[in-house]
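A closer look at the structure
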Amino acid sequence: MPKERMQKRVSELPEPSRRHAMQVLAAGGAAAVAGCLGGNGDDDGNGGNGGNGGNGGNGGNGDDHDPSEVQPGGTLEVGMKEGVQSLDGRNVTGLQSFQVSYNIYSKLLRYHHEGDGEYVLQGDLATSWEWEDDTSLVFELDEDAVFHNGDPVTADDVVYTFESMYEENFTAALLFAAEVDINAIDDHTVEFDTGDEPFAALESTLGFIVGIMNEDASEAGDMALDPIGSGPFEFVEWVDGSHITLERFDDYWKADEEGNQLPYLDGIEFTIYPDESTKMRDLETGGLDWIDFVPTQDIDSARSDDSLNTVSAGPGGIMGIFQFNTVEPPFDDPEVRQAMLHTIDFEAIINIVFHGHAERAPNQALPPQTGWVFDDLEDPYQGVDLERANELLEGKDPESFEFENWVPRGDQERQQIQEMIQEQIQQAHDIQYDINREDRSVVFEMNATNQFGLDVGGFNGMWDPDQLFSANIAEGAFFNYGGYVNEEVDALLADGRSTLDEDERREAYRGVYEINNEEAAKYYPYWIDNVIAMQPNVHNFEPLHDQTWWFEGVWKSE
């Protein structure tokens, strides 16, 4: 029978001193909760949930999941956006990389949507976890978990994963805002020690990133290109720009609530599409079973198409972000940055580029379902205000501004947004600049080395302000395009990270937003509704706010 696994409501994070907030549920009990909250097969903007697919499995696309009805077998044909750069579970260089990777690797914890906007952290490799005190978090690992090469998953592998992540500067370390000491207590017990101060976002961050590595396999091979994990699917092949093939791991260590081994599928074929419209057409004509992103112009028709199912975690699954180059003219001047934000018509972008399938955000990145929205924090850039923009630009000779922006080749939305901004600021201030279309790796290099003016991008949904700000607004952060530095911001982030008092944390992050409103280095204009579509014979897929794909409990009917 499947083992009991702990879960903890996201709304109760962080509460190390309240151990009774953690709930240990049998797999069948967790499935029953998710199943009774299921939808009707149509996307209602919050994501439907069938049963959870068993011991750590998945909610669904509106099915009322009954494991006795599962039809195992078959290959899921997935269409996905290009952007896979590495399959190393410590190297989360982009959304597409970890969406594939976390079907190969297991994590200590992972997120699950219970419905009605309520999320929980539940054990993946961990059967339970407990705070010994405010700085010591202890995990018990599943003793049956094994890697794809047959090695057991041990506490030493967990220690190796994090130590190598720090030592080799994998990108997950840059998203892991505080360094912790990890110690193996015995073969299946591991302790995270945060040192002299708490790390308030530790649990949340462990559920968000970092696949656990096999030490011997990692030392002997290249996990970025030939990964070995302990997840439900084994790696077979990656042809860059074409496809990634995974097959069922026959010795996977999880079962559903009736004791049937997971995963149900024989394999997954991820086909990479540079063009979103082509991917949509292939789904509509039956060449694909599931796609990661319905083009916004097709969302309404897809939702009304009886031959397709659609699901969404709701607005905020992708968070828009505009980043200025704060170290080079003209955007090293905060008044110029403010003037641009008063000039850009973000409502027009939402209506034209996203066809209304985004929600205007109040310059706050984390959406309401995370619990981290400040309702009384004013956004000074709501609505176009050309009078104020001209006041800010007075005496600065905007016609002489020189900069260029970059767009990944094939990214139609980012290109359209840049073109709209280009037109708007040219008409308002006679500012002209070039838009360069290059491969994604070139665009990343230009942004990372501050060779741009204004970058338009997005982040997949995060869970805690520490994750967000430590990734893109802290000094030296990996995604801090434009080199923004503010010592007061960094001090506030440290304060918010090292206290477990919710009021103190909220005060710290409110302060970060207030400074950002004034400095205008980053701007979070909208929460995008990322809609996933699939054939009606694909069952039990759960859409998550962080855009992670869990195919462990997905199955196909005839």
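These lines cover the structure that appears in this document, whether it is placed above or below. (Residues numbered from 1 in each chain as written. Predicted model: local features only at pLDDT ≥ 70, side-chain atom pairs only at ≥ 80, totals over all residues. Heavy atoms only, no water.)

1. Section: unusual backbone geometry
The peptide bond linking L262 to P263 adopts the cis configuration, its omega dihedral lying at -5°. By the element assignment, P263 lies in the loop between β11 (243-248) and β12 (267-273). With an omega of 5°, the peptide bond running from P329 to P330 counts as cis. The topology assignment puts P330 in the loop between β15 (318-324) and α9 (334-343). One non-glycine residue, N450, adopts positive backbone phi at about 60°. Along the chain, N450 falls in the loop between α13 (440-448) and β19 (454-460). Owing to a relative accessible area of 22%, N450 belongs among the partly exposed residues under this scheme. For Q547, which is not glycine, the phi torsion reads 70° and is therefore positive. By secondary structure assignment, the location of Q547 is in the loop between β23 (538-539) and β24 (555-556). Classification of Q547 as buried rests on a relative accessible area of 5%. (Helix = DSSP H or I, 4+ residues; strand = E, 2+ residues; numbered from the N terminus. Buried < 20%, exposed > 50% of the residue type's maximum accessible area, 1.4 Å probe, protein only.)

2. Looking at the environment of F479
Mapped onto the secondary structure, F479 falls in the loop between α14 (465-472) and α15 (487-497). On a C-alpha basis, the gap between F479 and L468 in space is 9.8 Å, while along the polypeptide they are 11 residues apart.

3. Points about empty space enclosed by the protein
On inspection of all chains with the given rule, the structure shows three cavities of 30 Å³ or more. Taken as a whole, the second largest cavity encloses approximately 40 Å³ of empty space. Residues of the lining of the second largest cavity, tallied by class, amount to six nonpolar, three polar and no charged. (1 Å grid on protein atoms, 1.4 Å probe; cavity = no way out; pocket = protein on both sides within 12 Å on 5 of 7 lines; lining within 4 Å. Points joined across faces, edges and corners; volume = space filled by probe spheres on them. Nonpolar A, V, L, I, M, F, W, Y, C, P; charged D, E, K, R; others polar.)

4. Some remarks on the pattern of salt bridges
Considering all chains together, one arrives at 23 salt bridges under this definition. Here K254 and D124 are joined by a salt bridge, their closest N and O atoms 2.4 Å apart. One end of the pair, K254, is in the loop between β11 and β12; the other, D124, is in the loop between β5 (118-123) and β6 (126-133), and 130 residues separate them in sequence. With a relative accessible area of 2%, K254 lands in the buried category. R303 is paired through a salt bridge with D529; the nearest N and O atoms lie 3.3 Å apart. Note that R303 is positioned in helix α8 (residues 299-303) and D529 in the loop between β21 (526-528) and β22 (531-534), a separation of 226 residues in sequence. Classification of R303 by relative accessible area gives partly exposed; the value is 26%. For D529, a relative accessible area of 8% translates into the label buried. (Salt bridge = Lys/Arg side-chain N within 4 Å of Asp/Glu carboxyl O.)

5. Considering the packing of aromatic side chains
According to the stated counting rule, one finds 34 aromatic pairs in the structure shown. For the ring pair F270 and F551, a centre distance of 6.2 Å and an interplane angle of 55° mean the geometry is tilted. Pair noted here: F270 is in strand β12 and F551 is in the loop between β23 and β24, with a separation of 281 residues, a long-range link. Taking relative accessible area as the criterion, F551 reaches 0% and is therefore assigned buried. Seen in terms of ring centroids, F444 and F478 are 5.7 Å apart; in terms of plane orientation they differ by 45°. Their pairing is tilted. One end of the pair, F444, is in helix α13; the other, F478, is in the loop between α14 and α15, with 34 residues separating them in the sequence. Taken together through their ring pairs, the aromatic side chains of F139, F162, Y166, F176, F192 and F199 make up a single cluster. The ring of F374 carries the charged tip of R506 above its face, separated from the ring centre by 4.6 Å. (Phe/Tyr/Trp six-rings, centres within 6.5 Å; stacked < 30°, edge-to-face > 60°. Lys NZ or Arg CZ within 6 Å of the ring centre and 35° of its normal.)

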